[in-house]
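So you can see what is in the structure, the chains are spelled out below.
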Amino acid sequence: MTITNYWWYIIWMFVGGGILAAVFPRQRVLVMGEKQTRWSIFAALLLAFPFILAAAGRGNIGDTTVYRKSFEEAPSTLIGISGYLETVTKDKGFSVLTVLIKSIFGNSDVIYFFIVAAIQIVIVALIFRKFSEDYWLSMFIFIASTDYFSWVQNGVRQFVAVALIFGAFELMLKKKYIAVILIILLASTMHGSALLMIPIVFIIQGQAWNRKTLLCIVASIFVLFFVNQFTNMLEVLLSDTQYTNVVSDWQSWNDDGTNPIRVLVYAVPTILSLIGLRYIKAENDPVINMCVNAGIISTGLGIISMGTSGVFLGRLPIYVSLYSTGILLPWELNHMFTKESARIIKLIAVIMYIIFFYYQMHFTWGLF
């Protein structure tokens, strides 16, 4: 059944989240060598499960009709996969995944969307559950920021790539670069833009706000001031790739870039990290250091997308924004304020995200 009243997603976060938090005891989990209190895996997945169901039975939101048509046209057996892939011009890994699901589970697009959403959401939920100090807030932000709708119910192919790389977060922290790069290469077969994460994996290492990340912010501001020269250079760099028409496409579509309000919302963890840098340096937590640097990259990409393309470049920050909005922001609210102040700030943050949810869903997308 399709959920047409999107407020139910927010209501579930409060009602379901409250019940699960009260019923299931917390667990002690080893996070980078330290014991920390976290939600149980079972409770964490129960909180996420309705969003998998909703994605499975969704209507025609975003690019759903395109994915549904591709699924219908895919062969029903593995025998036909070779000939089918000859007709696919890019991101063949996702086409292979589609054929595998269809050949094993049948022709139901509901089951297809369920499995794909399960891959995406389970990975996101498990990483948030382990590395975020406030799992509920992390998942709430994922829903209320409309990331869930933008990706799980729209940009499906790219978000499979994003989720695979996000699942390698602990490998990044442990600097197991070969394993991480192999996962990125696998993800790039789902969506070629995943290759962007190869240099980013190295840039986000080290202390928060180090020279590498500062250079990224400077470069993004520079691009914003010299956007015409940047687009010309980008067009040359993308020639002879699967994205050769990106620049001409966004220009012909009159794509005027990412909404500055959205960029500002995603930049909040980065702004807070700069204001409270002394707290971050005092803790010197490798998880938080990496998430700060990932947030800086996300902000930089968001700034560039404001002056270029929201459709194309505006989709790149998701590769790194999950680290800052889902892991860094809850930490900042817990560590940069007194206990009483943190409660008030969290309440304000929740209210502001609900307002943004309404703004994005109603005024931007016209969904209610």
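Below or above, wherever it landed, is the structure these notes cover. Because the structure is predicted, anything quoted here is derived from the model rather than measured.

1. Topic: the pairing of strand β1 (residues 27-31)
Then comes step 1: Strand direction decides the pairing type here: β1 and strand β2 (residues 34-38), joined by five bridges, are antiparallel. By the bridge assignment, Val 29 is partnered in β2 with Gln 36.
Then comes step 2: Between β1 and β2, which pair antiparallel in sequence order, lie two residues; one of them, Met 32, sits at a positive phi of approximately 50°.

2. As for the packing of aromatic side chains
Then comes step 1: Taken as a whole, this structure holds 30 aromatic pairs when the rule is applied.
Then comes step 2: Where Phe 166 meets Tyr 323, the ring centres are 5.0 Å apart and the plane angle is 75°; that geometry is what we call edge-to-face. One end of the pair, Phe 166, is in helix α9 (residues 156-166); the other, Tyr 323, is in helix α19 (residues 318-335), and 157 residues separate them in sequence. Tyr 323 matches Phe 166 in its accessibility class, with the two residues each being buried.

3. What about the pattern of salt bridges?
Then comes step 1: Under the counting rule described, the total for this entry stands at nine salt bridges.
Then comes step 2: Where Arg 315 meets Asp 63, a salt bridge forms, and the shortest distance between an N and an O atom there is 3.9 Å. Here Asp 63 lies in the loop between α2 (41-56) and α3 (64-73) and Arg 315 lies in the loop between α18 (286-307) and α19, a separation of 252 residues in the sequence.
Then comes step 3: A salt bridge links Glu 73 to Lys 69, with the nearest nitrogen and oxygen atoms 2.4 Å apart.

4. With respect to unusual backbone geometry
With the exception of glycine, the majority of residues adopt a negative phi angle, and the majority of peptide bonds are in the trans configuration.
Then comes step 1: Positive phi values are uncommon outside glycine, yet Met 32 reaches one of about 50°.
Then comes step 2: Along the chain, Met 32 falls in the loop between β1 and β2.

5. With respect to the environment of Ile 61
Then comes step 1: Among the structural elements, Ile 61 can be located in the loop between α2 and α3.
Then comes step 2: Here the alpha-carbon distance between Ile 61 and Ile 41, two residues 20 residues apart in the chain, equals 30 Å.
Then comes step 3: Setting aside anything within four residues of it in sequence, one finds Ile 61 in contact with Tyr 6, Phe 149, Gln 153 and Leu 367.

6. Some words on helix α5 (residues 92-105)
Then comes step 1: Between its terminal C-alpha atoms α5 stretches 20 Å, which fits the 20 Å expected from 14 residues at 1.5 Å a residue.
Then comes step 2: Looking only at α5, the buried set comprises Gly 93, Phe 94, Ser 95, Leu 97, Thr 98, Val 99, Ile 101 and Lys 102.

7. Let's talk about the packing of helix α6 (residues 109-131) against α19
Then comes step 1: In contact at an axis separation of 10 Å, α6 and α19 are set at 50° when each is read in the N-to-C sense. By the angle between their axes, α6 is oblique relative to α19. Judged by the sense of rotation from one axis to the other, the crossing of α6 with α19 is right-handed. For the pair formed by α6 and α19, the contact residues are Val 124, Ile 127, Phe 128 and Phe 131 on the first element and Leu 322, Gly 326 and Ile 327 on the second.
Then comes step 2: Split by residue class, the contact of α6 with α19 holds six nonpolar, one polar and no charged.

8. What to know about α9
Then comes step 1: A large share of α9 lies buried, amounting to nine of its eleven residues.
Then comes step 2: Every buried residue of α9 is listed here: Val 156, Gln 158, Phe 159, Val 160, Ala 161, Val 162, Ala 163, Ile 165 and Phe 166.

9. Description of empty space enclosed by the protein
Then comes step 1: Under the defined criterion, the tally for this structure stands at one cavity of 30 Å³ or more.
Then comes step 2: Of the volumes computed, that of the largest cavity is approximately 60 Å³.
Then comes step 3: Forming the boundary of the largest cavity are Val 31, Gln 36, Arg 38, Phe 131, Glu 133, Asp 285, Val 287, Ile 288, Ile 327 and Trp 331.
Then comes step 4: Among the secondary structure elements, those contributing two or more residues to the lining of the largest cavity are β2, α18 and α19.
Then comes step 5: Residue composition of the lining of the largest cavity, grouped by class: six nonpolar, one polar and three charged.

The rules behind each value
Residues numbered from 1 in each chain as written. Predicted model: local features only at pLDDT ≥ 70, side-chain atom pairs only at ≥ 80, totals over all residues. Heavy atoms only, no water. Pairing = 2+ DSSP bridges. Helix = DSSP H or I, 4+ residues; strand = E, 2+ residues; numbered from the N terminus. Phe/Tyr/Trp six-rings, centres within 6.5 Å; stacked < 30°, edge-to-face > 60°. Buried < 20%, exposed > 50% of the residue type's maximum accessible area, 1.4 Å probe, protein only. Salt bridge = Lys/Arg side-chain N within 4 Å of Asp/Glu carboxyl O. Contact = heavy atoms within 4.5 Å. Expected span 1.5 Å × (residues − 1). Axes fitted to C-alpha atoms, helices over the stretch in contact; angles between N-to-C directions. Parallel < 35°, antiparallel > 145°, perpendicular 65-115°, else oblique. Left-handed = near helix turned anticlockwise from the far one by under 90°. Nonpolar A, V, L, I, M, F, W, Y, C, P; charged D, E, K, R; others polar. 1 Å grid on protein atoms, 1.4 Å probe; cavity = no way out; pocket = protein on both sides within 12 Å on 5 of 7 lines; lining within 4 Å. Points joined across faces, edges and corners; volume = space filled by probe spheres on them.

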